[in-house]
Amino acid sequence: MKKTILFVLMLLLSVTVLFAGGNSESESADDGVLDVTIDEPITIEFWHSFSGTQVPVIDGLVEEFNETVGKEKGITVVAVAQGSGPQLYSKVIGAIKAGNAPAVTTSKPPYVQDFMMADYVVDLKPYIDDPTVGMDDYDDFFRAFSQEGEAYSVEGIYSLPFAKNSDVLYYNADFFEEHGFEPPVTWDELRELATEIHAITGKGAVGYDNLQYLFENLTVQNGGQYTDNQGNLLFAEGDAALKGLKMYADNVWSGVFRTAGEDYFFSGPFASGTIQMYIGGTVESQYINMKDPQFRWSASALPQVDPENPKTLSYDHVICALNPQGSGDQKYAAYEFIKFITSTASSKTISMDTAYMAVRQSVLDDEEYKAFLDNGGNDALKAAYSQIDSLYSQPVFISDTYTSTTVDTEITSMMKRVLDDHQSPEEGIESVVQALR
């Protein structure tokens, strides 16, 4: 693990040396005047990690941009699917190293912070604030989402929310109706309900798709913190993380809860009736009925330790512009595309067609979208919006020896050791600290 961390840091540091001073150099070259015109027609690439039925949605929006704003301003965008999120991250790192990164990419906030170590992310704030081409509806973004773009290690706005997610509890609607069950509000209620279901089915009753999100949510809900923007491993302080991890591990070890194991994700076991509840992001909802179109499910908000003080992690895709050293035309073209694809209309399309959360309040106020939710268009999204005021985002950072990304990776490995291999929670948490320090 440490070798991987050091490799990524050395790679980013080498790029930093190669492109040192990029932002200040670029600004001095144009005398600080923001370039908001396209001198000659320009083509830029947009890399993303969407797949399957999501790709036509993204391609459709890119085509719409090219036929409207792009046609008017002389901008053509080419969308390039680059595999999974980690694959996209690796390819962007490689492209930064080679000096040929795309003008625009989707990402996750910890990855954006990694790119910033190479001085390779464009500050969008001057464009957003510009009186001519600015974004007068910036405040329409849900604050839980937009604050991520303002919380990097350098002052500015280095990403905008694009396709966001939060965890909800999926449950088998027919099974719940048959047995008169109600979805739980707290973790205590979840444990009690899962114990009842386990007695009925003889199988694990509930699981959590993403083990790092599980650990972080339990830590924060129990009154602790995960990390901060200086890279301090706050989960190792106090007993919040340990308390949450012990609770979950005890229930997995007893067979009441279960891990995904070789299934990797719970949508398959859930749709087949092997498990009656699971916790995952809203986007998971699109996969459940792919497995069984007749399967009836619903969703409720993420269980809480204290329902009077709810905390739920928001995560997934942001969008950013790369290469501050590029031409003014390229940076402005990237901004115009980002402005378009994060607009109310685009966010509404993405949410309705991919099951990611919309990133703007105006989408929730839209009559068609409200009807979509009220008429059962997606119960997972409805559950996610019910917890919008409880959402928090993960701090991102780069320290001397590790990054946000590598902390998350090490936490995931630790969770597998504890839940699957019965490593003690105390040893598990300590092993993360030792691996990173």
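Note that the structure is a prediction, hence the values are computed from the model and not measured. (Residues numbered from 1 in each chain as written. Predicted model: local features only at pLDDT ≥ 70, side-chain atom pairs only at ≥ 80, totals over all residues. Heavy atoms only, no water.)

J.: Could you give an account of the packing of aromatic side chains, naming the residues involved and the relevant values?
T.: In the structure shown here, the tally under the stated rule is 29 aromatic pairs. With 6.5 Å between their ring centres and 85 degrees between their planes, Phe46 and Phe162 make a pair best called edge-to-face. With Phe46 in strand 1 (residues 42-48) and Phe162 in strand 4 (residues 160-172), the pair connects residues that are 116 residues apart, well separated along the chain. Residue Phe46 is classed as buried on the basis of its relative accessible area, which comes to 0%. We classify Phe162 as buried; its relative accessible area is 1%. (Phe/Tyr/Trp six-rings, centres within 6.5 Å; stacked < 30°, edge-to-face > 60°. Helix = DSSP H or I, 4+ residues; strand = E, 2+ residues; numbered from the N terminus. Buried < 20%, exposed > 50% of the residue type's maximum accessible area, 1.4 Å probe, protein only.)

J.: Give me the lowdown on the pattern of salt bridges, citing residues and values where you can.
T.: In this structure the tally under the stated criterion is 17 salt bridges. Note that Lys339 is salt-bridged to Glu336, the shortest N-O span being 3.7 Å. Highlighted residues: Lys339 and Glu336, both in helix 15 (residues 328-341), separated by three residues, approximately one helical turn. Take Glu336: its relative accessible area is 3%, and that puts it in the buried class. Here Lys348 ties to Glu368 by a salt bridge, and the two come within 2.5 Å at their closest N and O atoms. Pair noted here: Lys348 is in helix 16 (residues 344-354) and Glu368 is in helix 18 (residues 367-374), with a separation of 20 residues, a long-range link. For Lys348, a relative accessible area of 15% translates into the label buried. Linked through salt bridges whose partners overlap, the residues forming this network are Lys73, Glu336 and Lys339. (Salt bridge = Lys/Arg side-chain N within 4 Å of Asp/Glu carboxyl O.)

J.: Quick rundown of the confidence of the model for the chain? Include the residues and the values.
T.: Per-residue confidence for the chain averages 92 on the pLDDT scale, and 93% of its residues sit at or above 70. Per-residue pLDDT stays below 50 along residues 1-7; that stretch engages in 11 contacts with residues further than four places along the chain or on separate chains. Note on residues 13-30: pLDDT is under 50 here. Beyond four places in sequence and across chains, it has 25 contacts. (pLDDT = per-residue confidence, 0-100. Contact = heavy atoms within 4.5 Å.)

J.: Hey, could you go over unusual backbone geometry for me, with residue numbers and the actual values?
T.: Of note, the phi angle at Tyr264 is positive, near 70 degrees, even though the residue is not glycine. By the secondary structure assignment, Tyr264 is in the loop between helix 12 (240-253) and helix 13 (267-271). Phi is positive for Ala355, which is not a glycine, with a value near 75 degrees. Note on Ala355: relative accessible area 5%, which makes it buried.

J.: Any chance you could break down empty space enclosed by the protein for me, citing the residues and the numbers?
T.: Applying the stated criterion to the full structure yields one cavity of 30 Å³ or more. Residue lining of the largest cavity: Ser49, Gly85, Leu88, Tyr89, Val92, Thr105, Thr106, Ser107, Lys108, Tyr111, Phe115 and His317, and that is the complete set. Contributions of two or more residues to the lining of the largest cavity are made by helix 5 (85-98), strand 3 (104-107) and helix 6 (109-117). Examining the composition of the lining of the largest cavity, we find that four residues originate from one element, helix 5, more than from any other. Of the residues in the lining of the largest cavity, the class split is five nonpolar, six polar and one charged. (1 Å grid on protein atoms, 1.4 Å probe; cavity = no way out; pocket = protein on both sides within 12 Å on 5 of 7 lines; lining within 4 Å. Points joined across faces, edges and corners; volume = space filled by probe spheres on them. Nonpolar A, V, L, I, M, F, W, Y, C, P; charged D, E, K, R; others polar.)

J.: Quick one: what's the story with the pairing of strand 8 (residues 312-321), residue by residue and with numbers?
T.: Burial analysis of strand 8 places 10 of its 10 residues in the buried class, the great majority of the element. Bridging between strand 3 and strand 8 involves four bridges; their strand directions are antiparallel. Looking across to strand 8, one finds that Ser107 is bridged to Val318. Sheet topology note: the strand 4/strand 8 ladder contains six bridges and is antiparallel. (Pairing = 2+ DSSP bridges.)

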